[in-house]
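Residue-level listing of the chains:
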Amino acid sequence: MSESQPHLTVVGEPAAPNLERLERPSFAVYEGPTSVDGRIFRAGTWYHGIKHTNNDDGGQPYDVWICAPLHVDAETVNSDDGSIGRLLRFRHRSQVIEHVMPMEALAGKGEEVLKALMRQGLEIEYHQRRHVPAYIASHHGLNRILATTTRPGWHDASGAFVLPHRIIGKADVRFQDSGKGAHLFTERGSLPSWQEELAYYCQGNPVLILSVCCALAGPVLSRVGVNGGGVHLVGDSSSGKSLAQSLAASVWGNPGVFAASWDLSKGGIEIEASSRNDTVLILDEIKRADPKRVQEMAYAIANGTGKGTMTREREGRPKLYWRVLALSSGERSLSEHAAISGNSAHAGAELRMVDVNAGTRTYRAFDDVHGMSGALFHRRLTTAASQHFGHVGPAFVERLVQETDPDHFHRRFTEIRQHFDAVSPQAGRVADRFAVIGLAGELAIEYGLLPWPATSAATACRHLFLEWLASVGDGNAEDRQIVAAINDFIALHGDSRFSDIAATLPNPNVRQRAGYYEIVDGKRLYLFNRASLTEAASGYGRERILRTLETSGALAKTDGGRRQKNYRLPGGGYARFFVIDPDRLDTEREATA
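All values derive from a computational prediction rather than experimental measurement.

Further remarks concern the overall build of the protein chain. Helix and strand content of the protein chain: 19 helices and 26 strands. The C-alpha atoms of the protein chain give 33 Å as radius of gyration, which overshoots the globular expectation for 593 residues (25 Å, by more than 25%). Each of the three principal axes of the protein chain carries a C-alpha extent, and together these read 120 × 60 × 45 Å. Of all 593 residues assigned to the protein chain, the portion counted as buried reaches 51%. When contacts within the protein chain are restricted to residue pairs at least 6 apart in sequence, long-range pairs at least 24 apart make up 64% of them. Total accessible area on the protein chain stands at roughly 27600 Å², and carbon and sulfur atoms take up 47% of it. Distance from the positive charge centre (66 side chains) to the negative charge centre (69 side chains) of the protein chain: 5 Å.

If you want it as structure tokens, here you go:
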């Protein structure tokens with residue numbers, strides 16, 4: 001007994017209520033009871049086959065119900081890697097379900113396809129399930145072709161903003177995923193209730209304003225050409241940092257699901273960032289991060305590119321990409337947490353995750369509790385954030401896509417950025433970040449999404465930026481770290497690893513000698529040998545350290561054309577040293593403090 005191959009038929013529209021002739025073998029989809037060849041077929045996807053035997057040349061027709069009505073609507077092309085797929089459509093409990101299926105899922109017995117469709121509610125006749133992949137594979141040369149993407153956020157080719165459950169903007173594009181990930185972008189309550197019960201009480205609270213605007217700034221980054229990065233809310237336990245993060249998360253979804261944690265590997269951070277592309281990455285409690293990797297993870301978040309890996313065939317796997325602002329929190333700063341593992345702080349990492357004071361304000365993280373006690377204020381907003389979420393972010397993007405002037409956002413950004421004064425390029429990058437966060441808030445105010453007075457968002461962001469600038473200074477961050485490291489080295493080892501160069505004999509109590517000191521006009525000048533200089537400012541090369549010392553004027557003595565000075569050693573012989581005036585280091589540190 002043999003079975004003929006089915007004809008390739010384009011199925012997708014409801015079948016006619018009465019078909020006089022049925023071609024076999026073939027697949028057919030009926031949206032309701034349909035009469036064919038005098039027989040009534042119930043709604044569903046059918047396989048009309050024919051069996052042949054040696055004694056029956058004509059064959060015996062048979063009909064098999066495969067599954068509920070399943071339509072193959074279009075060919076899909078993944079914008080991220082160019083892979084081809086199919087857009088499938090069916091109904092489950094009166095709800096239309098769309099599923100983007102990669103064609104590679106049909107390899108083998110097609111079990112991946114069956115799992116994905118059954119997971120989403122497609123009714124399948126279990127004993128005939130083998131026909132479902134064959135039915136999908138029978139669709140060739142589809143006229144409709146649309147793009148897909150595996151990341152939420154802006155789809156550059158079409159200009160649409162893609163979310164797993166909706167497409168914002170006029171474009172034929174779809175979100176493609178496995179269906180196994182958490183549903184991050186969800187909605188509950190209403191936008192007016194979110195405005196009344198949450199956004200209203202952010203007024204007068206720079207930290208809360210910054211947090212909400214940070215969540216809104218993700219879609220604006222690409223519009224003004226500002227790179228990703230983050231702000232790190234620093235404050236003691238139970239100061240209100242988590243509430244600020246919950247308010248930010250409520251912009252896009254359920255705070256309990258949308259917010260992530262620092263308790264992740266670097267690969268996990270990449271996945272979380274990519275899944276929130278062009279929105280906001282919320283990371284709670286930096287103390288849960290690996291101190292050895294936390295600075296590397298901060299770089300990765302800001303740089304927006306995942307680590308490259310290879311397949312067994314030594315072919316590169318597609319990297320993950322993202323463009324996102326992070327809103328982090330912790331009782332320690334990034335550099336303090338990294339120091340636990342003995343790693344020195346990297347200025348670049350600190351600039352990519354900027355500290356914001358969320359612990360020593362009037363009411364710890366808050367400046368105004370609107371006539372309530374701090375505890376009641378915290379409890380009231382926490383409850384409201386769990387009841388109203390997921391509305392303002394998509395509503396904000398709906399207004400962004402309506403702007404047709406490509407220079408509009410650049411002009412608005414320039415207007416706000418000019419109020420964020422910064423001299424050094426490094427402080428300028430941080431100013432860009434605070435300015436784009438303020439811009440997002442001002443746009444949302446103009447759109448009627450935030451019930452705040454005009455300029456309040458930009459003012460709050462500028463206020464926090466100036467606080468940061470006052471704490472770290474407007475100079476070069478690497479210079480600050482080098483100066484601080486050498487100062488700390490002198491304070492720690494001044495008498496144990498240095499001795500008087502004027503002594504007749506070497507001091508036998510000095511172990512692991514770092515150099516000597518010379519007393520000039522009643523103060524010590526420290527004579528560092530080459531090894532101790534790089535040890536003092538670990539993580540920086542000697543040339544970079546010397547450049548900082550020259551800039552600060554801390555190299556007190558040199559021989560002509562050299563950075564070192566030649567000295568006669570106690571006990572005989574000569575050696576060259578870097579002569580450092582610690583008073584000049586203190587002056588530099590105070591100037592940048």
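Time to look at the packing of aromatic side chains. Inspection of the entire model under this criterion finds 23 aromatic pairs. Ring geometry for F185 versus F258: centroids 5.5 Å apart, planes at 75°, classification edge-to-face. With F185 in the loop between β15 (173–175) and α3 (191–197) and F258 in helix α6 (residues 255–258), this residue pair connects regions lying 73 residues apart in the sequence. Among the residues examined, F258 registers a relative accessible area of 0% and is labelled buried. Seen in terms of ring centroids, Y516 and F577 are 5.7 Å apart; in terms of plane orientation they differ by 80°. Their pairing is edge-to-face. Remark: F577 occurs in strand β26 (residues 574–580) and Y516 occurs in strand β22 (residues 515–520); sequence separation between them is 61 residues. Under the relative-accessibility criterion, F577 is labelled buried at 5%. Clustering of aromatic rings is evident, with ring pairs tying together W154, F161, F185, W252 and F258. The ring centre of Y126 lies 4.0 Å from the NZ or CZ of R129, which sits over that ring. Stacked on the ring of W154, the Lys or Arg R223 has its end atom at 3.6 Å from the ring centre.

Turning next to unusual backbone geometry. With an omega of -10°, the peptide bond running from R24 to P25 counts as cis. Structurally, the position occupied by P25 is in the loop between β2 (18–19) and β3 (26–30). The phi dihedral of S94 falls on the positive side, at around 70°, and the residue is not glycine. As for its placement among the helices and strands, S94 is situated in the loop between β9 (84–92) and β10 (95–102).

A word on the state of the cysteines. Scanning the entire structure with this criterion turns up zero disulfides. Its sulfur unpaired, C214 is 8.8 Å from the next cysteine sulfur, which belongs to C461.

With that settled, the discussion passes to the packing of helix α4 (residues 206–224) against helix α12 (residues 392–400). Interhelical geometry of α4 versus α12 gives an angle of 30° and a closest axis separation of 10 Å. Relative to α12, α4 is oriented roughly parallel. The hand of the α4/α12 crossing is right-handed. Contact residues: α4 offers L216, P219 and V220, while α12 offers V392, G393, F396, V397 and L400. Partitioning the contact of α4 with α12 into residue classes produces seven nonpolar, one polar and no charged.

Right, let's get into the sheet that holds strand β16 (residues 229–234). Pairing is parallel in the open sheet, where five strands are placed in the order β17-β18-β19-β16-β20. Two strands bound the open sheet, and with one partner strand each, they are β17 (260–261) and β20 (353–357). Summarising the sheet, β17 and strand β18 (residues 280–284) pair through two bridges and their orientation is parallel. The partner of S261 across the bridge, within β18, is D284.

Across six bridges, β22 lies against strand β23 (residues 523–528) in antiparallel orientation. Counted as the bridge partner of V520 is K523 from β23. Here β22 hands over to β23 after two residues, with D521 in that stretch at a positive phi of 55°. Here β23 pairs with β26 via three bridges, running antiparallel. Bridging across to β26, L527 finds its partner in V579.

Next up on the list: the nonpolar core. Ranked by internal contacts, the top residues of the largest apolar core, which has 109 residues, are F396, F434, I437, W452, I486, F528 and L549. It is α4 that contributes the most residues to this core, 13 residues altogether. When near neighbours in sequence (up to four residues on either side) are disregarded, L549 contacts I486, L533, A554, L555, I580 and L585. Core analysis: the second largest hydrophobic core is formed by 25 residues, F27, I66, I97 and L122 among them.

Reading across the sheet, the five strands line up as β10-β9-β8-β11-β15 and stay open at both edges, with mixed pairing between neighbours. The open sheet is flanked by β10 and β15, the only strands paired with a single partner. Shown here is a sheet whose adjacent strand axes are inclined to one another by a mean of 40°, direction ignored. Note that strand β11 (residues 145–149) and β15 share three bridges and pair parallel. Its bridge partner lying in β15, A147 is registered against V173.

For helix α7 (residues 266–275), every residue scored as buried is listed here: K266, G268, I269, E270, A273 and S274. Tucked inside the fold, the buried residues of α7 contact β18 and α8 (294–303).

Definitions and limits used
Residues numbered from 1 in each chain as written. Predicted model: local features only at pLDDT ≥ 70, side-chain atom pairs only at ≥ 80, totals over all residues. Heavy atoms only, no water. Helix = DSSP H or I, 4+ residues; strand = E, 2+ residues; numbered from the N terminus. Rg over C-alpha atoms; globule rule 2.2 N^0.38 Å. Buried < 20%, exposed > 50% of the residue type's maximum accessible area, 1.4 Å probe, protein only. Contact = heavy atoms within 4.5 Å. Areas by Shrake-Rupley, 256 points an atom, 1.4 Å probe, with all protein chains shown as cover. Lys, Arg positive; Asp, Glu negative; His and termini not counted. Charge placed at Lys NZ, Arg CZ, Asp CG, Glu CD. Phe/Tyr/Trp six-rings, centres within 6.5 Å; stacked < 30°, edge-to-face > 60°. Lys NZ or Arg CZ within 6 Å of the ring centre and 35° of its normal. Disulfide = S-S within 2.5 Å. Axes fitted to C-alpha atoms, helices over the stretch in contact; angles between N-to-C directions. Parallel < 35°, antiparallel > 145°, perpendicular 65-115°, else oblique. Left-handed = near helix turned anticlockwise from the far one by under 90°. Nonpolar A, V, L, I, M, F, W, Y, C, P; charged D, E, K, R; others polar. Pairing = 2+ DSSP bridges. Core = buried A, V, L, I, M, F, W, Y, C linked by side-chain atoms within 4.5 Å.

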